[in-house]
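Commentary on secondary and tertiary structure
Spelled out, the chains give:
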Amino acid sequence: MILAIDIGGTKFSMAVFDGRRMVRRESRATDAAGGREWMLGRIGEIVSAWRREFGFERCGIGFGGPVDFAAQRVVLSTHVGGWRDFDLCGFVRNLTGAPTIMDNDANAGAIGEAEFGAGKGYSPLFYM
């Protein structure tokens, strides 16, 4: 099973995939005033509940802000405080026990469209 996490300034979503089939999804509004600690608490709650039901083989994260892809760290969030130079992949890896990779949410969205969506079969692909 694959865990997908999309963290944005107004909402965050998490989903579990069995191959290409989504088997569980949850979205919640982001509490910007709660900052990073609030978000990590919600992610921890959901992962804890789902981990009993699904064993995660790997995890992918799309983060709504600058990401240092080479270091796999959040650079910062322009919407929610407390994210500067944070090891989000390490946090999620500790929760799930699964290899975890992260990129900016727009980059992750472009890859998703290229592989599975409207951009499939097109090269080059412009994603906006």
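Here's what I pulled together on the structure shown here.

About the cut-offs
- Residues numbered from 1 in each chain as written.
- Predicted model: local features only at pLDDT ≥ 70, side-chain atom pairs only at ≥ 80, totals over all residues.
- Heavy atoms only, no water.
- 1 Å grid on protein atoms, 1.4 Å probe; cavity = no way out; pocket = protein on both sides within 12 Å on 5 of 7 lines; lining within 4 Å.
- Points joined across faces, edges and corners; volume = space filled by probe spheres on them.
- Helix = DSSP H or I, 4+ residues; strand = E, 2+ residues; numbered from the N terminus.
- Nonpolar A, V, L, I, M, F, W, Y, C, P; charged D, E, K, R; others polar.
- Pairing = 2+ DSSP bridges.
- Axes fitted to C-alpha atoms, helices over the stretch in contact; angles between N-to-C directions.
- Contact = heavy atoms within 4.5 Å.

This part takes up the layout of surface pockets. The calculated volume of the largest pocket comes to roughly 1000 Å³. In this structure, the largest pocket is lined by 34 residues; those nearest its centre are Ala-4, Phe-17, Gly-60, Ala-108 and Gly-112. Elements with a minimum of two residues in the lining of the largest pocket: strand S1 (2–7), strand S2 (11–18), strand S3 (21–29), strand S4 (58–63), strand S7 (100–104) and helix H3 (105–116). Sorting elements by how many residues they give to the lining of the largest pocket places H3 first, with eight residues. Of the residues contributing to the lining of the largest pocket, the split by class is 17 nonpolar, nine polar and eight charged.

The next point concerns the sheet that holds S2. Read from one edge to the other, the open sheet built from five strands follows the order S3-S2-S1-S4-S7, with strand pairing classed as mixed. Strands with a single pairing partner mark the edges of an open sheet, and in this sheet they are S3 and S7. Each neighbouring strand pair of the sheet contributes to a mean axis angle of 15°, computed without reference to strand direction. Here S2 pairs with S3 via eight bridges, running antiparallel. Residue pairing in the sheet places Asp-18 in a bridge with Arg-21 of S3. Packing of helix H2 (residues 88–96) onto the sheet brings it into contact with S1, S4 and S7, and relative to S7 it is tilted by some 145°. This element, H3, spans S1, S4 and S7 of the sheet and lies at about 105° to S7.

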